[in-house]
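Residue-level structural notes
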Amino acid sequence: MTPAPDTYQPGRYFDCGATSFPKPEEVAQEMSRYLNEVGGPYGRSFYPRALEVAGVVEETRSLLACLLGTGQPERIVFTHNATHAVNIVLKGLALTGKEVWISPLEHNAVARPLRRLKREGRITVRFLPAAADGRILPEKLSGLFSRRTGLIVVNHQSNVNGVIQPIREIKAQAGDIPVLVDAAQSLGHQTIDVQGSGIDFVAITGHKGLLGPTGTGGLYLGGRPLSPLIEGGTGSRSESSAMPDFLPDKFEAGTPNIAGIFGLRAALTHRPAPLHSRADFLDLLQAVGRLPGIRLQAAQSAEHQGELFSITSSAMDCSTLGLRLYEEHGIETRLGLHCAPLAHHHIGTFPQGTVRISPSVYHRARDFKILLAALTAISTQG
C-alpha cells in the first residue's frame, strides 16, 4: 500500500471527479526521474535512454490493456485525455447519414462533438430509454436500433450522480452496432472487460480513478475501421507521407506526453488499497439523504451507484452551499453543471446545478464523518 502524502488534509478534498488528489508519491517521483535523469524520445532512437523510454511506454500500454481485459496492447493508443479519445471515434468513424444513440447522462466531451456533427447535417442524435436517475433500461432496447444506427455512446459512470450503466447488457442488445464507452469516471473503480463484453471502443483518462497525472489518457480500439484524427510523425514508415496503417502508430502522431506516461505507469503499479469500505460509502450516502433540506442526486439502487454523488439544498443555491462548505469547514467540492448539462436536464437540476461530492480511495470513514458533520451543521442552520 502506498501511503497518502503528508500534505494531504483528511476529509477536505472531495473533488476527485474533476481530478484525483492525492496521487501515489511514486507518480511525481517517476515524472521527475524522466525529466531530470532519463530524458530521450519515444520510438525515434536506439540508444539506451531512448530504449528505456520505449520500455516504459510499452509497459504502460500493456498495463492498460490488462486493466481492460485484452491481451492485445497494440489496441491501446495514448491520448491527451478521454475527450481526445472520444473525438477520435466520433470524427473517425463513418457516421454520415447514421443515427447515434446516447445515454441522457453524457458529458460535453460527447455532447459537443455530436452537436457539431448534427449541425453539419451528418448525423441524427437519439436518446436511449432510461430511468429517472439516468440508468439505461436494457429491456427497452430490443428492436430499437436499425440499419441506420451507426454508434451507441454510453458514459459508464455519471460524473453528476454516480450512476453506473449496464454496458455489458447494452452491448448485448446492440449486437454488431459499435459501442463507445466513456470510462473517464469509472476506470480504476469499475471493471471493464472488453473481450468478455464485446465493447468496441473505450475512452480513458489517466488523472481520475487511475490516480495518474493530467494530460494522459488512451483509447481502446476493438477493430472497427477508423480514420485518424491527427496525422504526423510517428518514427515509423518515415519514407511515406501517409500515416502508418498499423496499430498503435496509426493514431499516435507526434511525440506523446512521455513524462505523463512515466507518472501513469507509477500510478498503475503503486495503486493504494482503499482506506474505506464500500459499506462506509453507502452509510455516508444514506446519512446525507436523511439530512433536512438536502436532496440527494444518486442512483435509485445502491447496486448501480459509483462512489460519487450530488446534492442540492432547499434553503440555498448550490453556489452558496459549496461556498459555505469551503469557508466554514474547509471542504472542497465541485459546483454547478459539471460540463454535463444533458445529465442535469434529465435529473431535473438544470440550470442551477448541484454540489458534487467525489471521494478518493485515500478517504477514511472518519473523513466521511467530517463531511457529514459539516453538511449537518449547514442544513440545520439554514
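Residues numbered from 1 in each chain as written. Predicted model: local features only at pLDDT ≥ 70, side-chain atom pairs only at ≥ 80, totals over all residues. Heavy atoms only, no water.

With that settled, consider the sheet that holds strand S9 (residues 309-313). Taken together, the four strands give an open sheet; going across it, the order is S8-S9-S11-S10, and neighbouring strands pair in antiparallel fashion. Both outer strands of the open sheet, strand S8 (294-297) and strand S10 (334-336), are each paired with one neighbouring strand and no more. Here the strands of the sheet are splayed against their neighbours by 30° on average, with no regard to which way each runs. Packed onto the sheet, helix H9 (residues 318-329) meets S9, S10 and strand S11 (354-357) and runs at close to 40° relative to S11. (Pairing = 2+ DSSP bridges. Helix = DSSP H or I, 4+ residues; strand = E, 2+ residues; numbered from the N terminus. Axes fitted to C-alpha atoms, helices over the stretch in contact; angles between N-to-C directions. Contact = heavy atoms within 4.5 Å.)

A separate point is the pairing of strand S4 (residues 149-155). Buried residues dominate S4, accounting for seven of its seven residues. The pairing of strand S2 (residues 98-102) with S4 spans four bridges and is parallel. Paired with Ile 102 across the two strands is Val 153, which belongs to S4. Sheet analysis places S4 next to strand S5 (residues 179-182), joined by four bridges and oriented parallel. Pairing of Val 153 across the sheet is with Leu 180, part of S5. In this view, the connection linking S4 to its parallel neighbour S5 by way of helix H5 (residues 167-174) has right-handed handedness. (Buried < 20%, exposed > 50% of the residue type's maximum accessible area, 1.4 Å probe, protein only. Right-handed = clockwise from strand over helix to strand, strands pointing away.)

Interhelical geometry of helix H1 (residues 25-38) versus helix H7 (residues 258-269) gives an angle of 145° and a closest axis separation of 7 Å. Crossing hand, H1 versus H7: right-handed. The segment H1 lies against H7, with Glu 26, Val 27, Glu 30, Met 31, Arg 33, Tyr 34, Leu 35 and Val 38 engaging Ile 258, Ala 259, Gly 260, Phe 262, Gly 263, Arg 265, Ala 266 and Ala 267. Residue classes in the contact of H1 with H7 are distributed as ten nonpolar, two polar and four charged. (Left-handed = near helix turned anticlockwise from the far one by under 90°. Nonpolar A, V, L, I, M, F, W, Y, C, P; charged D, E, K, R; others polar.)

The next point concerns the sheet that holds S4. Judged by pairing direction, the sheet is mixed, and its seven strands sit side by side in the order S1-S7-S6-S5-S4-S2-S3 without closing on themselves. What marks the edges here is a single partner per strand, and that holds for strand S1 (76-79) and strand S3 (123-127). The sheet shows a mean angle of 20° between the axes of neighbouring strands, direction not considered. Helix H3 (residues 82-92) contacts S1, S4, S5, strand S6 (201-205) and strand S7 (217-221) of the sheet and is inclined by roughly 155° relative to S6. Strands S2, S3, S4 and S5 of the sheet are contacted by helix H4 (residues 108-119), whose axis makes an angle of about 135° with S3.

Since one α-helical turn is 3.6 residues long, residues separated by three or four positions face the same way. Relative to the 16 Å expected for twelve residues at 1.5 Å per residue, H9 spans 16 Å between its end C-alpha atoms, a close match to the ideal helical length. Within the sequence span of H9, burial applies to Cys 318, Leu 321, Gly 322, Arg 324 and Leu 325. Buried residues of H9, viewed axially, fall in a sector of 160°; they line one side. Taken together, the buried residues of H9 touch S9, S10, S11 and helix H11 (365-381). The first or second residue beyond H9 is Gly 330, which carries a positive phi of 70°. (Expected span 1.5 Å × (residues − 1). Arc of directions from axis to C-beta.)

On to the pattern of salt bridges. Between side chains of opposite charge, a pair can form when the charged atoms approach closely. Here the structure, examined in full by the defined rule, presents 15 salt bridges. Of the charged contacts, one joins Asp 15 and Arg 356 as a salt bridge, the two residues approaching to 3.3 Å between their closest N and O atoms. Taken together, the residues span a long stretch of sequence, with Asp 15 in the segment before H1 and Arg 356 in strand S11 at a distance of 341 residues. Both residues of the pair, Asp 15 and Arg 356, belong to the buried class. The salt bridge partner of Asp 200 is Arg 224, with a shortest N-O separation of 2.9 Å. Of this pair, Asp 200 sits in the loop between helix H6 (194-197) and S6 while Arg 224 is found in the loop between S7 and H7, placing the two residues 24 residues apart along the sequence. Since its relative accessible area comes to 7%, Asp 200 is described here as buried. Overall, Arg 224 belongs to the partly exposed group, its relative accessible area being 23%. (Salt bridge = Lys/Arg side-chain N within 4 Å of Asp/Glu carboxyl O.)

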